[in-house]
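Residue strings, one per chain:
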Amino acid sequence: MRFLHTADWHLGRSFHGSSLLEDQAHVLDQLVDLARQAQVDAVVVAGDIYDRALPPADAVSLLGDVLERLVAGAGIPVLLIAGNHDSAERIGFAGRIAERQGLYLRGTLERSDPVVLQGRQGTTVAFHPLPYVDPAQARALAGAPDGLDDHAAAVAHMLDRLRAALPSVPRRVLVGHAFVAGGSESESERPLAVGGSGMVPPGLFRGYDYVALGHLHRPQRAGADHIRYSGSLLKYSFHEADHAKSVSLVELADDGAVTVTEHALQPRRDVRVVSGTLADLLAGADLFGRDDYLSAHLTDDGPVLDPLARLRKVYPHVMEVRFRRNEQPATGATPQADLRRRDPAELFAAFWQDMHGSPLAPEQAQVLRTCAQAALGADGQSVA
Ligand SMILES: [Mn+2]
């Protein structure tokens, strides 16, 4: 059995106010091509299909188009589950009808029957869909025991339900959306629990040959080599600039042996952090990939006028500007007490020293004294 494991598409997401739909369509084209060329037996999408419960219409159209190409066009079964960003009911809409065509949509937690698929090489695999488990929804299920207070207890209960519905199939894959302990977080994930981690221990997943996870946006293992996150489709924050986004091609042999190959996705525009003085960047210091989504970290010491608009003339997709000088640790030169009694020019000089790590130049100090005297009356009180 050979299948593609992907997750966290977040269709309809925007990046610093700019729609990513074309970027998402661009990498989904690659995913469809890979599924066809590798002749996979299935594609599993482990949640966070959309970025929000009520996705924009063009995001719904994109998903419809991709599913049509995979399921109807290439005859590849697709299994989708809801993540914490999705509306469980909307993802599962018309699921029992779609299943007849090879499209398996699992949103809410009621159903526990697996999706049993036959590989081209003959291996039969039971895929267990485990959409994002909200503890309150798990408690509301018929027959739920007491004590489903956190994610670990709720997921453990849901896995018991799935195992109870197990057919006599030797190979099993779990498709889930959860924060499994041992994984590392990124900035663009929405935390699952307020005031707690929402984590579940990897030991809960015993008995599965492979666990196809969604939620964490960096491709990674979680506690064991066969318990894995495929990572998101794209970099959804500048903190992910160093991630290599990919989809996982999973080969599951008759004897349960698993081989995973990560296939890189080539984004339409990369997400990068560039740094230098404004003059250097405007002069084209980083022209390679000038169309990428950029976070510009300016290293200028002096004042910089309207840097975002000026940078955009060279780099059309600069999304933010930061100043490296603001990131210096305070030197402690600014006096903490009796600020009202200090001379404003002296106070500013101390503040400058604190921010820059070097004193004001004599001519700067002179300009400052002149300004302070103009702003303050002869008696030292403000005239403004
Ligand atoms: Mn996500």
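Residues numbered from 1 in each chain as written. Predicted model: local features only at pLDDT ≥ 70, side-chain atom pairs only at ≥ 80, totals over all residues. Heavy atoms only, no water.

## Structural notes on the nonpolar core
And step 1. By size, the foremost hydrophobic cluster in this structure holds 43 residues, and its most contacted members are Leu4, Trp9, Val43, Leu70 and Leu233.
And step 2. Those elements giving two or more residues to this core turn out to be α1 (21–37), β4 (42–46), α2 (57–73), β5 (78–81), β6 (103–106) and β15 (246–252).
And step 3. If you count residues domain by domain, this core takes at least three from each of domain 1 (2–264) and domain 2 (271–327).
And step 4. With residues near it in sequence (within four places) discarded, Leu4 still touches Leu31, Leu34, Ala35, Val40, Ala42, Val43, Val44, Val247, Ser248 and Leu249.
And step 5. Met158, Ala178, Val180 and Val211 belong to the second largest nonpolar core, which has 28 residues in total. (Core = buried A, V, L, I, M, F, W, Y, C linked by side-chain atoms within 4.5 Å. Buried < 20%, exposed > 50% of the residue type's maximum accessible area, 1.4 Å probe, protein only. Helix = DSSP H or I, 4+ residues; strand = E, 2+ residues; numbered from the N terminus. Domains from an automatic or database assignment. Contact = heavy atoms within 4.5 Å.)

## Section: the packing of aromatic side chains
And step 1. Scanning the model with the defined rule gives five aromatic pairs in all.
And step 2. Ring geometry for Phe15 and Phe238: centres 5.1 Å apart, planes at 55°, overall tilted. You can see Phe15 sitting in strand β2 (residues 14–15) and its partner Phe238 sitting in the loop between β14 (227–229) and β15, a full 223 residues away along the chain. With respect to burial, Phe15 and Phe238 carry one shared label: buried. (Phe/Tyr/Trp six-rings, centres within 6.5 Å; stacked < 30°, edge-to-face > 60°.)

## Topic: the coordination of the manganese ion
And step 1. Distances from the manganese ion to its protein donors, namely Asp8 (OD), His10 (NE2), Asp48 (OD) and His217 (NE2), fall within the range 2.0 to 2.4 Å.
And step 2. For the manganese ion, the single-chain donor residues occur in sequence as D-x1-H-x37-D-x168-H. Of this pair, Asp8 sits in the loop between β1 (2–6) and β2 while His217 sits in the loop between β12 (210–214) and β13 (220–221), and the two are 209 residues apart along the sequence.
And step 3. Taking the relative accessible area as the measure of exposure, Asp8 reaches 0% and is therefore buried.
And step 4. Note on His217: relative accessible area 0%, which makes it buried. (Donors = N, O, S within 2.8 Å, 3.2 Å for Na, K, Ca; no water.)

## So, helix α6 (residues 151–164)
And step 1. Helix length check: α6 (14 residues) gives 20 Å between terminal C-alpha atoms against 20 Å at 1.5 Å per residue, within 8%.
And step 2. All buried positions along α6 are accounted for by His151, Ala154, Val155, His157, Met158, Leu159 and Leu162.
And step 3. Structurally, α6 contributes buried residues whose contacts are with β8 (124–130), α5 (135–140), β9 (171–177) and β11 (199–200). (Expected span 1.5 Å × (residues − 1).)

## Quick notes on unusual backbone geometry
And step 1. A positive phi angle, near 55°, is found at His10, a position not held by glycine.
And step 2. Among the secondary structure elements, His10 is positioned in the loop between β1 and β2.
And step 3. The backbone phi angle of Gln39 is positive, close to 50°, even though this residue is not glycine.
And step 4. Position of Gln39 relative to the elements: it lies in the loop between α1 and β4.

## Describing the domain arrangement of the chain
And step 1. Taken domain by domain, the chain comprises domain 1 (2–264), domain 2 (271–327) and domain 3 (329–384).
And step 2. The C-alpha centroid of domain 3 is placed 58 Å from the C-alpha centroid of domain 1.

## Overview of the side chain of Arg106
And step 1. Position of Arg106 among the secondary structure elements: in strand β6.
And step 2. A polar contact is formed between the side chain of Arg106 and the backbone oxygen of Asp113, at a distance of 2.9 Å.
And step 3. Contact partners of Arg106, with chain neighbours within four places excluded, come to Leu79, Leu80, Ile81, Ala82, Ile91, Glu99, Arg111, Asp113, Pro114, Val115, Pro129 and Pro131. (Polar contact = N/O pair within 3.5 Å; in protein donor to acceptor, adjacent residues only side chain to side chain.)

## Some words on the sheet that holds strand β18 (residues 293–298)
And step 1. Pairing is parallel in the open sheet, where three strands are placed in the order β17-β18-β19. Only two strands of the sheet have a single neighbouring strand rather than two, namely β17 (271–276) and β19 (318–323). Here the average twist between neighbouring strands, direction ignored, is 20°.
And step 2. The strands that helix α8 (residues 307–314) touches are β18 and β19; relative to β19, the one it contacts most, it runs at about 130°. (Pairing = 2+ DSSP bridges. Axes fitted to C-alpha atoms, helices over the stretch in contact; angles between N-to-C directions.)

## Re the pairing of β18
And step 1. With respect to burial, β18 is a largely interior element, six of its six residues being buried.
And step 2. Of the strand pairs in this sheet, β17 and β18 are connected by six bridges, and their pairing is parallel. Bridge pairing in β18 places Arg272 opposite Leu294.
And step 3. In terms of strand pairing, β18 meets β19 through five bridges, oriented parallel. For Ala296, the partnering residue across the bridge sits in β19 and is Val321.
And step 4. Since β18 and β19 lie parallel, the crossover through α8 that links them has a hand, and here it is right-handed. (Right-handed = clockwise from strand over helix to strand, strands pointing away.)

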